[in-house]
Amino acid sequence: MATEALVSFAVERIGDMLIQEAIFLKGVRGQVDRLHRDLRAMLCFLEEADKKQEEDGRVRNWVSEIREAVYDAEDVIEMFILNAEALRRTCFLKRAFKKFMNYNKVGKKIAAIQLGLQDISNRREALEIQNIGGEGTSRSAQMLQDLRRSTPHAEEHVVVGMEREADKLVNQLIGGDQRRRVISLVGMGGIGKTTLAKKVYNHTKVLQHFPDCRVWACVSQDCRPRDVYSQLIKQVCTSTKKQVEMADKLLEHELGDFLREHLKEKRYLIVLDDVWSCADWDCLAKVSSNDPDSLGNVFPDGGNGCRILLTTRYKEVALQADARTIPYEMQLLSKQESWDLFRRKAFLDHVDDERYPPDLEQLGREMVDRCNGLPLAIVVVGGLLSRNMSPIEWRKVRNNIGTAYLAKEGQMGVMAVLNLSYIDLPSYLKPCFLHLSLFPEDYVISAKKLLLLWIAEGFVLEKDTAEVYLNDLINRNLIQVVEVSNNARVVKCRVHDLVRELAIGKAKEQNFFGTHDIADPLSPSTSTSKCRRQSIFSDIERYASIEHSTPYLRSLLFFKLGGRTCRISQLNFIGKYFKVLRVLDLEGLEVESLPSIVGNLIHLRYLGLRHTGLKLLPDSIGNLRSLQTLDTNNLEQVPNVIWKIQNMRHLYMEGQKNDIPLQIDTLENLRVLSGITFKQWIQNNSSKLTCLEKLKLEGRCELVQGVELSKSIAKLCGLKSLHLKTSC
């Protein structure tokens, strides 16, 4: 499972600290070094244990104990470094006394961890866990090399068995009476409702029939009408920045009225994807509970053929939305349709000629039969097998898809199939998959941001390798592509809700995060002192105002959902409670100011401040010596302290208002520099930026600066991408 990789990352982190923080660890270096060796020795047994823990609860507990011991070691060392850094700013006598106490305290903690490790090691033989040496590492390296040979791609979704259904739906959308109708697709999760809705939504006849107003919104289990209205408004009308700010201040019912006004004169097609309950529909459409036949006041009926296409798991929701229109109930695929879908996913090299190894075809047909015609299960199994044409491996998968787990109804069977795909993941991919559990349901994820977060977490070292990991998860059908660039690189992606449920379940097993999409972020599950990651989706001001008991939190992600402005007036709590934080993402929240205490987060690697409305950064940001990524925009000016952050790799600062001097030529590890002005750039010695691969310059460029600019860019031997954005 993911434990091997997570523990490996933590052990490597301790090794890195021995090198990078030598000055702070001087007094306890010997103890930390011995602890590091003990932990590395335990790694040799973890892959074997990972294989066994699926079936053996004793092994699962043993693995969990190792993970907690490694986390404890990491916590002790990082807190020691933090305290040592703070002591540098105190007087000599006080510093000497506290240093002695600090050494004594950390020494005792390390001794206790080593004692625990010895006990864990003594129980290994009883569990029959063998030392497998470096085999796992070399195999992972080989798999990574194989992946590097493949090219990133966003495969067009394979749609099988839906042609007739699509034609029927298209006719319902563009034909029939002129009243506003709600046409519903009903079926269990993973049966292809959204896939069919997309096929119809993009159909040529539909495009021609609804040329002016064709919009799509994801509703999800946690229905927030304001979010849905905001999604629709952004597509219905082109708003100025001032209008967007005004809309942010509107109450929910006012936002609904605003949407109605813009829909009133149009013949519209609205897709509401994934509506979970009658109450959700009523709330969205503002249907009066006293008048169930009311057409509602948000989606007007202009008598001109308006249509709403709704996807839901429940027939009663469809009938509540429109009792006069018969819902379309999705059917499971036939045996032939199931096989057609499977072969397109599993036999990538033989899709057209239909020549398959006879033994694999037989095994494939047996597995397809056990998927009971459910498209998601078939797609996941096909993607799982496409990477390995060995009959032995296919038999293993066939034997693991037990009919007892593949019920004809409900989600139990799908989750069993998805779990096979998780088990098959190489250890280095599992933490990346678990990380997807931190994002909200139906959330469109920026691929660039996802890769940078993986790097900051320590799951991967380089962005190119992270992109390989992303494409591998896409190829395994565990991540869906939303948007690709002109050169076929993934720009945006998302996770199917059932795959997300699997990630959440596995993440909980691994103690990977502490809280998740909770309406009340202050529920008991969020207060564990062992919590490593938290993602907050609601009640953000309240979260900021309480006392926290998660001192070893490493990642804190805030998500702004929908149109309402989210403000955090006071961020001091972050520096006060989360002192060893590595990832802090505030993107999209309205932040009044960033307090100087943030400069104390010396372990911080990722700071996301894009679209926060911040105008200034404190000078203390120069103290963030571990920072690898700073992602911000539209600042009045960037403080001239960035040169101190020697580990900086990715610096995004587009839209600076003031063109003041900014030294960056000390950042020898810098890979990406985006948003520096022409004037700032030519004041630096570009020959020192030997690692720079991507450069974006913006602002005014005087003619006299052109020659200097050309010469400076010519010195960048490793540059792969150059973007010049000039203004008058």
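Higher on the page you've got the structure.
Note that the structure is predicted; figures quoted are calculated from it, not measured. (Residues numbered from 1 in each chain as written. Predicted model: local features only at pLDDT ≥ 70, side-chain atom pairs only at ≥ 80, totals over all residues. Heavy atoms only, no water.)

Engineer: Could you give an account of the nonpolar core, naming the residues involved and the relevant values?
Structural biologist: Grouped together as the largest cluster of nonpolar side chains are 95 residues, with contacts concentrated most on L196, F342, W394, F433, W454, L470 and L473. With residues up to four places along the chain from it excluded, the contact list for W454 reads C432, H435, F459, V460, A466, Y469, L470 and L473. (Core = buried A, V, L, I, M, F, W, Y, C linked by side-chain atoms within 4.5 Å. Buried < 20%, exposed > 50% of the residue type's maximum accessible area, 1.4 Å probe, protein only. Contact = heavy atoms within 4.5 Å.)

Engineer: Outline the environment of N399, listing residues and values.
Structural biologist: For N399, the position within the fold is in helix 18 (residues 391-400). Sequence separation of N399 and L363 is 36 residues, and the distance between their C-alpha atoms is 10.0 Å. (Helix = DSSP H or I, 4+ residues; strand = E, 2+ residues; numbered from the N terminus.)

Engineer: An account of empty space enclosed by the protein is requested, with residue identities and associated values reported.
Structural biologist: In this approach a probe as big as a water molecule rolls over the atoms, and the regions it shows empty are the leftover space. For the structure on display, the rule yields two cavities of 30 Å³ or more. If you add up the space inside the second largest cavity, you get close to 50 Å³. Taken together, L436, F439, P440, D442, Y443, I445, V495 and R500 make up the full set of residues lining the second largest cavity. Residue classes in the lining of the second largest cavity are distributed as six nonpolar, no polar and two charged. (1 Å grid on protein atoms, 1.4 Å probe; cavity = no way out; pocket = protein on both sides within 12 Å on 5 of 7 lines; lining within 4 Å. Points joined across faces, edges and corners; volume = space filled by probe spheres on them. Nonpolar A, V, L, I, M, F, W, Y, C, P; charged D, E, K, R; others polar.)

Engineer: Please provide a residue-by-residue account of helix 10 (residues 225-236), values included.
Structural biologist: Taking 1.5 Å of rise per residue, 12 residues should cover 16 Å, and helix 10 covers 16 Å from first to last C-alpha, within 8% of that figure. Of all 12 residues in helix 10, nine are buried, a share of seventy percent or more. Within helix 10, burial applies to P225, R226, D227, V228, Y229, S230, L232, I233 and V236. (Expected span 1.5 Å × (residues − 1).)

Engineer: Give a description of the state of the cysteines that names residues and reports values.
Structural biologist: Counted according to the given criterion, the structure contains zero disulfides. The thiol sulfur of C283 is not disulfide-bonded, and the nearest other cysteine sulfur, from C223, lies at 6.1 Å. (Disulfide = S-S within 2.5 Å.)

Engineer: Account for helix 27 (residues 705-714), with residues named and values stated.
Structural biologist: Of all the positions in helix 27, only Q705, L709, S712 and I713 are classed as buried. Down the axis of helix 27, the smallest arc covering the buried residues is 95 degrees, so these residues share one side. In this structure, helix 27 carries V707, K711 and A714 as exposed residues pointing more than 90 degrees from its buried face. Contacts made by the buried residues of helix 27 are with helix 26 (678-682), strand 18 (694-699) and strand 19 (721-726). (Arc of directions from axis to C-beta.)

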